[in-house]
Amino acid sequence: MSARHDPSRGPESRATVICFVCHRAVGADDFHRDGCPICGAGRHLPPIRLLPDDARRLAALAGRLVTQNPTLVGALTRELARAVIVRDAHGAWGTARIGAELRFRLDGSAEPVRRRLHLPETAGQAAQGFDLSLATPLGIALVGLAAGAVMPFTDLCGTRRLVRLDGVRDAA
C-alpha cells in the first residue's frame, strides 16, 4: 500500500500520506509503523487481522469508492495498510469479518448495538435495519478488530467517535 523510499531517485520519491487528524503530509512508511510524527494520531490503534479473501474484497471496495468518497477510501486504505493478513479462519477467530454479526458500543454507551458487517453490494441481502456497510466510517473502523478492542473513528459529520467491539459471531 505504501511505496518504499528509493534513495537513488532523491527525496521526491518518498511516498507520503495525509494524516487523518492534523491533515499534514507525512512519510507513509513512518506513519504506518509509528503513527503521525506531528500529532501522534494512529500510535495506539488496536491491531487488526484480515483473511486474504476479505483483504482482497476490501481493496476492491476501495477501488470502487475512489470517485464516490475519497475520504472513505483514505480510511479504508489506511486500515488495509496496517492489517496483518492471516492465512486461515483460526488466525482471524474472534475478529470482525465480512458477514459476521457484531455487538458493539458507541462512545461508551451502556446499550450494545448488534449489526451484521457487509459489503455495500450485498445490502439487499442483509436484514433491513440489521446491516452495517463497510462503505461507512463505522464499518471501516470495526473490520478486522478483535473483541474487546476500542477504535477511534470520524463519522460522516466529522465528529470523532469511539467504538468498542464487545463480541463477534461468525456468519452461519
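Keep in mind that what you see is a predicted model, and the values were worked out from it rather than measured. (Residues numbered from 1 in each chain as written. Predicted model: local features only at pLDDT ≥ 70, side-chain atom pairs only at ≥ 80, totals over all residues. Heavy atoms only, no water.)

**What to know about the sheet that holds strand E9 (residues 160-169)**
Strands sit in the order E7-E6-E5-E9-E8 across an open sheet of five strands; the sheet is mixed. Unpaired on one side and paired on the other, strand E7 (131-133) and strand E8 (150-154) mark the two borders of the sheet. For this sheet, the mean inter-axis angle between neighbouring strands, taken without regard to orientation, is 45°. As judged from the four bridges shared by strand E5 (residues 101-106) and strand E6 (residues 113-118), these two strands associate in the antiparallel manner. Across the sheet, Leu-102 pairs through a bridge with Arg-115, a residue of E6. (Pairing = 2+ DSSP bridges. Helix = DSSP H or I, 4+ residues; strand = E, 2+ residues; numbered from the N terminus. Axes fitted to C-alpha atoms, helices over the stretch in contact; angles between N-to-C directions.)

**Things to note about helix H2 (residues 52-65)**
Across its 14 residues, H2 extends 20 Å between first and last C-alpha, which sits within 8% of the 20 Å expected from 1.5 Å per residue. Residues of H2 that are buried: Asp-54, Ala-55, Leu-58, Leu-61, Ala-62 and Leu-65. The buried residues of H2 occupy an angular sector of 120° when projected down its axis, which confines them to one face. Seen from the buried face of H2, the exposed residues on the opposite side, beyond 90 degrees, are Arg-56 and Gly-63. Residues of H2 that are buried in the fold lie against strand E3 (49-50), helix H3 (70-82) and strand E4 (84-85). (Expected span 1.5 Å × (residues − 1). Buried < 20%, exposed > 50% of the residue type's maximum accessible area, 1.4 Å probe, protein only. Arc of directions from axis to C-beta. Contact = heavy atoms within 4.5 Å.)

**Structural notes on H3**
Counted at 1.5 Å a residue, the expected span for H3 with its 13 residues is 18 Å, and the 19 Å between its end C-alpha atoms agrees. Turning to H3, its buried residues are Leu-72, Val-73, Gly-74, Leu-76, Arg-78, Glu-79 and Leu-80.

**Some thoughts on the pairing of E8**
A one-sided burial pattern is seen for E8, the buried positions being Met-151 and Phe-153 and the unburied ones Val-150, Pro-152 and Thr-154. Bridge analysis of E8 against E9 gives five bridges, and the strand direction is antiparallel. Bridge pairing links Val-150 to Arg-164 in E9.

**Examining the pairing of E6**
What sits between the antiparallel neighbours E5 and E6 is a turn of six residues, in which Asp-107 has the positive phi angle 50°. Where E6 lies against E7, three bridges are found, and the strand directions are parallel. Across the sheet, Arg-116 pairs through a bridge with Asp-131, a residue of E7.

**Details of the pattern of salt bridges**
Counted by the stated rule, this structure contains 13 salt bridges. The salt bridge involving Arg-161 is made with Asp-107; its shortest N-O contact spans 2.4 Å. Within this pair, whereas Arg-161 is found in strand E9, its partner Asp-107 is found in the loop between E5 and E6, the two being separated by 54 residues in sequence. The class of Arg-161 is partly exposed, set by a relative accessible area of 22%. Owing to a relative accessible area of 42%, Asp-107 belongs among the partly exposed residues under this scheme. When the shortest N-O distance is used, the salt bridge between Arg-161 and Asp-155 registers 3.5 Å. Its relative accessible area of 17% is what places Asp-155 among the buried residues. Among the charged side chains, a network of salt bridges with common partners joins Asp-53, Asp-54, Arg-56 and Arg-57. (Salt bridge = Lys/Arg side-chain N within 4 Å of Asp/Glu carboxyl O.)

**Examining the nonpolar core**
Counting 32 residues, the largest nonpolar core has Leu-58, Leu-102, Phe-104, Leu-134, Leu-142 and Val-163 as the members making the most contacts within it. Contributions of two or more residues to this core are made by H2, H3, E5, helix H4 (137-142), E8 and E9. The greatest single-element share of this core, amounting to five residues, is contributed by H2. When residues no more than four places from it in sequence are discounted, the contact partners of Val-163 are Phe-104, Arg-105, Leu-106, Leu-138, Ala-141, Leu-142, Ala-149, Val-150, Met-151 and Phe-153. (Core = buried A, V, L, I, M, F, W, Y, C linked by side-chain atoms within 4.5 Å.)

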